Every structure is written in C-alpha cells, then in structure tokens.
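Single-letter residue listing:
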Amino acid sequence: MNLIVVPTYQEALTIRSLLDHLLEVAALADFHVLVVDDASPDGTASHVAAHPSYRSRVHLLNRPNKAGLGPAYRAGFAWAREQGFEVVVQMDADGSHPVDAVPRLVAALDDADLAIGSRYVPHGCTVGWPWHRRLISRAGNAYVRLVLALPVHDCTAGFRAYRPRALAVLAEEGTHAGGYSFQIETTWQAARQGLRMVEVPITFVERQVGSSKMSTAIAVEALWRVLAWRIQEARTRHLRTQSRRQQDRVA
Ligand SMILES: Nc1nc2c(ncn2[C@@H]2O[C@H](COP(=O)(O)OP(=O)(O)O)[C@@H](O)[C@H]2O)c(=O)[nH]1
Ligand SMILES: [Mg+2]
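Scope of this entry: the structure provided in the associated data block. Since the model is a prediction, treat every value here as computed from it, not as a measurement. (Residues numbered from 1 in each chain as written. Chains lettered and ligands numbered in written order. Predicted model: local features only at pLDDT ≥ 70, side-chain atom pairs only at ≥ 80, totals over all residues. Heavy atoms only, no water.)

### Looking at the state of the cysteines
For the structure on display, the rule yields 0 disulfides. No disulfide involves cysteine 125; its sulfur sits 18 Å from the nearest other cysteine sulfur, which is in cysteine 155. (Disulfide = S-S within 2.5 Å.)

### What about the pairing of strand β2 (residues 31–37)?
Counted residue by residue, β2 has 7 buried out of 7 residues, so it is predominantly covered. Residues of β2 alternate between two faces, with Phe31, Val33, Val35 and Asp37 on one and His32, Leu34 and Val36 on the opposite face, all of them buried. Examined bridge by bridge, strand β1 (residues 2–8) and β2 share 7 bridges and lie parallel to one another. Directly across from isoleucine 4, in β2, lies its bridge partner valine 33. With respect to chirality, the unit in which β1 leads through helix α1 (residues 15–24) into the neighbouring parallel β2 is right-handed. (Buried < 20%, exposed > 50% of the residue type's maximum accessible area, 1.4 Å probe, protein only. Helix = DSSP H or I, 4+ residues; strand = E, 2+ residues; numbered from the N terminus. Pairing = 2+ DSSP bridges. Right-handed = clockwise from strand over helix to strand, strands pointing away.)

### Topic: the side chain of serine 118
Mapped onto the elements, serine 118 comes out in strand β5 (residues 114–118). Among the polar contacts made by the side chain of serine 118, one reaches the main-chain amide nitrogen of tyrosine 120 at a distance of 3.2 Å. (Polar contact = N/O pair within 3.5 Å; in protein donor to acceptor, adjacent residues only side chain to side chain.)

### Describing helix α5 (residues 131–148)
Under the 1.5 Å per step criterion, the end-to-end length of α5 is 26 Å for 18 residues, consistent within 8% with the ideal 26 Å. Of the positions making up α5, those classed as buried are Arg133, Ser137, Asn141, Val144, Val147 and Leu148. For α5, the arc enclosing every buried residue in end-on projection is 145°, short of the 170-degree limit, so these residues lie on one face. Exposed and oriented more than 90 degrees from the buried face of α5 are Trp131, Leu135, Arg138 and Leu146. Among the structural elements, α7 (181–192) and α8 (216–250) are those in contact with the buried residues of α5. Alanine 149 occupies a position one or two residues after α5 and carries a positive phi of about 50°. (Expected span 1.5 Å × (residues − 1). Arc of directions from axis to C-beta. Contact = heavy atoms within 4.5 Å.)

### Some words on the nonpolar core
Counting 37 residues, the largest nonpolar core has Leu3, Phe77 and Leu148 as its most contacted members. At the level of elements, β1, β2, α3 (69–82), β5, α5, α6 (164–173), α7 and α8 are the ones that each hand at least two residues to this core. Here the element with the most residues in this core is α3; it accounts for 7 residues. If sequence neighbours within four positions are ignored, leucine 148 has contacts with Ile184, Trp188, Val226, Trp229 and Arg230. (Core = buried A, V, L, I, M, F, W, Y, C linked by side-chain atoms within 4.5 Å.)

### What about the sheet that holds strand β4 (residues 88–90)?
If you walk across this open sheet you meet the 7 strands as β3-β2-β1-β4-β7-β5-β8, and the pairing is mixed. A strand with exactly one partner marks an edge of an open sheet, and here the two such strands are β3 (58–62) and β8 (197–201). Taken pair by pair, the neighbouring strands of this sheet meet at an average axis angle of 20°, ignoring direction. Summarising the sheet, β1 and β4 pair through 3 bridges and their orientation is parallel. Pairing of leucine 3 across the sheet is with valine 88, part of β4. (Axes fitted to C-alpha atoms, helices over the stretch in contact; angles between N-to-C directions.)

### Topic: the packing of α3 against α7
One way to put it is that α3 packs onto α7 with a least axis distance of 8 Å and a crossing angle of 55°. As the angle between them shows, α3 and α7 are arranged oblique. Across from Leu69, Gly70, Tyr73, Arg74 and Phe77 in α3, the residues of α7 making contact are Phe182, Gln183 and Glu185. Across the contact of α3 with α7, the residue classes break down as 4 nonpolar, 2 polar and 2 charged. (Parallel < 35°, antiparallel > 145°, perpendicular 65-115°, else oblique. Nonpolar A, V, L, I, M, F, W, Y, C, P; charged D, E, K, R; others polar.)

### Points about the pattern of salt bridges
On inspection of all chains with the given rule, the structure shows 11 salt bridges. The shortest N-O distance in the salt bridge between arginine 192 and glutamate 233 comes to 3.4 Å. Placement of arginine 192 in helix α7 and of glutamate 233 in helix α8 is noted, with a sequence separation of 41 residues between them. For glutamate 233, a relative accessible area of 15% gives the class buried. (Salt bridge = Lys/Arg side-chain N within 4 Å of Asp/Glu carboxyl O.)

### A word on the environment of arginine 119
Relative to the assigned elements, arginine 119 resides in the loop between β5 and β6 (125–127). The class for arginine 119 is buried, based on a relative accessible area of 7%. Arginine 119 has contacts with Gly124, Cys125, Thr126, Trp129, Ser137, Asp154, Thr156, Ala157, Ile202 and Phe204, leaving out every residue within four places of it along the chain. Of the polar contacts made by the side chain of arginine 119, one reaches the side chain of threonine 156; its length is 3.2 Å.

### Some remarks on the site of ligand 1
Taken together, 19 residues lie around ligand 1, and Glu11, Lys66, Asp94, Ser212 and Lys213 are the ones closest in. One nitrogen or oxygen atom from the main chain of proline 7 is found 2.8 Å from an oxygen atom belonging to ligand 1. With respect to ligand 1, the side chain of serine 212 contributes an N or O atom lying 2.5 Å from an oxygen atom. Protein contacts shield 97% of the accessible area of ligand 1, which totals 570 Å² for the unbound molecule. At the level of secondary structure, the elements contributing two or more residues to the shell around ligand 1 comprise β1 and α3. Of the residues assigned to the shell around ligand 1, the class counts are 8 nonpolar, 3 polar and 8 charged. (Near = heavy atom within 4 Å. Areas by Shrake-Rupley, 256 points an atom, 1.4 Å probe, with all protein chains shown as cover.)

Purely spatial values, then, with no claim about function.
Have a look at this one:
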C-alpha cells in the first residue's frame, strides 16, 4: 500500500475536491491519503472526517496548532512508516499540483529514490503566479543551488514521491526545518546521502481559491538555514579530511 500526504492549513474550500479527484484516478487505486491538519479554524478537518472514504482510504492526523510545514510533514512521514506504507507522495491541498501527474511521479521511482515534480526543467512551468512570486521562487532556487551545490533545479518543490529507502534515510538523518525550507532540507539530505533523484516536469497552477500561507518569516528561515547547512557540510568535510590524515599517519 502507498500513501499521499497532504498538509493543510485553512483549506476547507479545496480539500474535498482534491480527495475526490485523487480517489477516482484508477492508477492510484492502491493509494491511501493522509491529511495532516494543524487545527485549521475553517474546519478543514471536519471536511476530511465527513468524506465517504474516511478511515477506509482517507485518514486524518489532527495536530493541536499551526506549527508549520516541516513538523506537519515529519508527522505525516512518521505515520506512513509506522503504518507500513511503502511509496509516499507529498502534495499541496490547494490544487496547484496536478493530480493526473501523480502516476508519472511514482513511475519515475523506477530509476530513483526521490522523484521531484519540477517547474524548472524543460516542459515544466508555473501558471498564474504574479511576477514577484515567480522572481522569489526563481531567485530562491538559484540561491539554494549555488550555496548547497545541489544538482536539482526545483529544490523548493512540494510535489514529490519517495521510496521507503529515502524515507528511512531522512528519518535517520533527521530534519529540522519549520517552514517551506523542509523541501530544501530533504533535497539536501537526499543529495548528501547519495540518494538517486530525478526531476519530472509538471505544470504548477496557482490556487483559484483560499490564500497562500507563504510569509516573510518562512523566506527568512530558508535563507539562514541554507547558509547553516552549507557551514555544517563544510565542517563535516573538514573533520573527515582530518580523520583520514590521522589514519594515514598511524598507518
Ligand atoms: N499542516 C500544515 N499545512 C500547511 C502549513 N502551512 C502551509 N500548509 C499547507 O501547505 C500547502 C502549501 O501551502 P500554500 O499556502 O499553498 O503555499 P504556496 O503554494 O507556496 O503559496 C497547502 O496545502 C497548505 O495548506 C502549516 O503550517 N501546517
Ligand atoms: Mg499553494
């Protein structure tokens, strides 16, 4: 059995249609859906609990308060592993990530541990974003690629599929990001642990209803965390070189 994890905060307007759409895709018949809700005041969770497939294929993780995307995904992935799910897909609740592309994303795991639904490879794109949002996303990705030297074009993508091995590596290494930088952290961890990554082109369509939870605090966290990971990486390399030299001297 496989699982699609959907984090939600204030998505009462879109969650029902996303669940319906996911459950009707024939190629996803062996997928369950887990909604991880941070006590949305608009009653998102009650829409999930009222779904006809609730408890059979639709599940709900109620979190006590808005704690950010990172903790929501960590809780969702931990639940997936505890329950024995194999492939895990992550996607937004607002309709931005194409449901019809999920089977393509999962199929890409034939040759990878982590498949990323990418806006920034040939045939990928964003639709409906104002120029400043496009600029922030492009500049953010350029910054991440430069500082962390990652071989991925869309490091901030929230539409992904993981093999169990990738989830195990992430659980072992641990992730700490609070906000959307969780996506960057998982990409960075996957790269440094030698996981195979592949980018699958997707069209990201800006939400038609509800509002974005992106904030300045989330962007600032991403900026400093990326630098902190770079420093951590440099330290690890330095320590490794030192211990190798010591071993050579002893030999
Ligand atoms: N559980 C949880 N979900 C969140 C939180 N912040 C954002 N989300 C969800 O993450 C997904 C992406 O958020 P969105 O606001 O659409 O970000 P944008 O597409 O970058 O503008 C949506 O499904 C949100 O409901 C949070 O603090 N907790
Ligand atoms: Mg969105």
